[in-house]
Amino acid sequence: MLVVNIGMLRHYQDYLRAKCEVVSIGGIYVYPIFRVGYTSLMADADMVFTDIEIDNCPAITVLLRNPNDRFISGINEYCRQKNKGIKDVYAKVQKGKLVDRHFMPQYFWLLHLYTYYKGDVILKPFEYISEITQRHHRANESHQHVEPIDRYTKVDRYLLNNVNSRVSLQHLIRKYKDVLS
């Protein structure tokens, strides 16, 4: 049985219960993650598989973005969508009073996928997106700098060690669950 730090998970329970989606683009099955090409991948999808349909997909490609870059981008995107000031939002995030899918660890996205899919994933760097789609929604947007917070980036730095490999999703989840402690 897989056990993950409950204290950390309680902040993400609503996100882990949300609809899970995998897209097919030209025969490549990809799990879109917010701030890792999600909008571009969804816009170019030939088919979208949700929840229990996902378990029938062959190996799923997961793009992983540099955790620091994604955190900064995610905070900025949250502020843009909610029309909030970055200083106030960042202060709430630092205190643990605000979490959002735009900047939560990519590891939690993999936990979400694991709810519906028990097969192998092919981890690719974010830049691989250009091999999948030529759409690049908001690729050159500028961001106000914030200092990345370790509890949001640490586990993803470990995940990056597996880029360009095919690995069991269960193995990944188990291997890095203790990093959340």
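Definitions and cut-offs
Residues numbered from 1 in each chain as written. Predicted model: local features only at pLDDT ≥ 70, side-chain atom pairs only at ≥ 80, totals over all residues. Heavy atoms only, no water. Buried < 20%, exposed > 50% of the residue type's maximum accessible area, 1.4 Å probe, protein only. Helix = DSSP H or I, 4+ residues; strand = E, 2+ residues; numbered from the N terminus. Arc of directions from axis to C-beta. Contact = heavy atoms within 4.5 Å. Core = buried A, V, L, I, M, F, W, Y, C linked by side-chain atoms within 4.5 Å. Phe/Tyr/Trp six-rings, centres within 6.5 Å; stacked < 30°, edge-to-face > 60°. Lys NZ or Arg CZ within 6 Å of the ring centre and 35° of its normal. Axes fitted to C-alpha atoms, helices over the stretch in contact; angles between N-to-C directions. Parallel < 35°, antiparallel > 145°, perpendicular 65-115°, else oblique. Left-handed = near helix turned anticlockwise from the far one by under 90°. Nonpolar A, V, L, I, M, F, W, Y, C, P; charged D, E, K, R; others polar. Salt bridge = Lys/Arg side-chain N within 4 Å of Asp/Glu carboxyl O. Polar contact = N/O pair within 3.5 Å; in protein donor to acceptor, adjacent residues only side chain to side chain. Expected span 1.5 Å × (residues − 1). Pairing = 2+ DSSP bridges.

Colleague: Before we move on, can you summarise helix α5 (residues 86–94) with the specific residues and values?
Modeller: Those residues of α5 not exposed but buried are I86, V89, Y90 and V93. Viewed end-on, α5 has its buried residues packed into an arc of 100°, placing them on one side of the element. In this structure, α5 carries K87 and D88 as exposed residues pointing more than 90 degrees from its buried face. Tucked into the core, α5 has its buried residues touching α4 (67–82) and α8 (150–159).

Colleague: So what's going on with the nonpolar core? Which residues, and what values?
Modeller: Counting residues in each nonpolar core, the largest one holds 59 residues, and the members touching the most others are I60, V62 and L113. Looking at which element gives the most residues to this core, the answer is helix α6 (residues 106–114), with 7 residues. Filtering out sequence-adjacent residues up to four positions away, L113 remains in contact with C20, V22, Y31, I54, I60, V62, V121 and L169.

Colleague: So what about the packing of aromatic side chains? Which residues, and what values?
Modeller: Aromatic ring pairs are reported here in terms of the distance separating the ring centres and the angle at which the planes meet. Evaluation of the coordinates by the stated rule reveals 10 aromatic pairs. A centroid spacing of 5.2 Å and a plane angle of 45° characterise the contact between F34 and W109, whose relative ring orientation is tilted. Within this pair, whereas F34 is found in the loop between β2 (28–30) and α3 (38–44), its partner W109 is found in helix α6, the two being separated by 75 residues in sequence. The pair formed by F34 and W109 is uniform in burial state, with each residue classed as buried. Its end group placed over the ring of Y114, K118 keeps NZ or CZ at 4.0 Å from the ring centre.

Colleague: Please set out the packing of α4 against α5 residue by residue, giving values where relevant.
Modeller: Close contact between α4 and α5 brings their axes to 10 Å; oriented N to C, the two are set at 120°. Taken together, the axes of α4 and α5 are oblique relative to one another. Pair α4 / α5 crosses with right-handed handedness. Contacts between α4 and α5 involve F71, I75, N76, Y78 and C79 from the first element and I86, V89, Y90 and V93 from the second. When the residues that make up the contact of α4 with α5 are grouped by side-chain class, the tally is 8 nonpolar, 1 polar and no charged.

Colleague: Which residues make up the pattern of salt bridges, and what values go with them?
Modeller: In the structure shown here, the tally under the stated rule is 6 salt bridges. Between R166 and D120 there is a salt bridge, with its nearest N and O atoms 3.1 Å apart. Pair noted here: R166 is in strand β6 (residues 165–168) and D120 is in strand β5 (residues 120–125), with a separation of 46 residues, a long-range link. Classification of R166 as exposed rests on a relative accessible area of 56%. Counted as one network, the salt bridges with shared partners bring together R35, E77 and R80.

Colleague: Quick rundown of the environment of Q134? Include the residues and the values.
Modeller: Position of Q134 relative to the elements: it lies in the loop between α7 (129–132) and α8. A relative accessible area of 63% means that Q134 is categorised as exposed. Sequence-wise, Q134 and L41 are 93 residues apart; in three dimensions their C-alpha atoms are separated by 9.5 Å. Of note is the side chain of Q134, whose polar atom sits 2.8 Å from the backbone oxygen of S130.

Colleague: Please give an account of α4 that cites residues and values.
Modeller: Counted at 1.5 Å a residue, the expected span for α4 with its 16 residues is 22 Å, and the 22 Å between its end C-alpha atoms agrees. Among all positions in α4, only P67, R70, F71, I72, S73, G74, I75, N76, E77, Y78 and C79 are buried. Close packing links the buried residues of α4 with α5, α6 and α8. By the N-cap criterion, in which a side-chain oxygen at the helix start approaches the backbone nitrogen of a residue two or three places on, α4 is capped by N66, the distance to N68 being 2.8 Å. Count one or two residues on from α4 and you reach N83, which has phi positive near 55°.

Colleague: Tell me about the pairing of β5, residues and numbers included.
Modeller: The sheet contact formed by strand β4 (residues 60–64) and β5 spans 5 bridges and is parallel. Looking at β5, one finds that L64 is bridged to P125. With 4 bridges connecting them, β5 and β6 associate as antiparallel partners. Paired with I122 across the strands is R166, a residue of β6.

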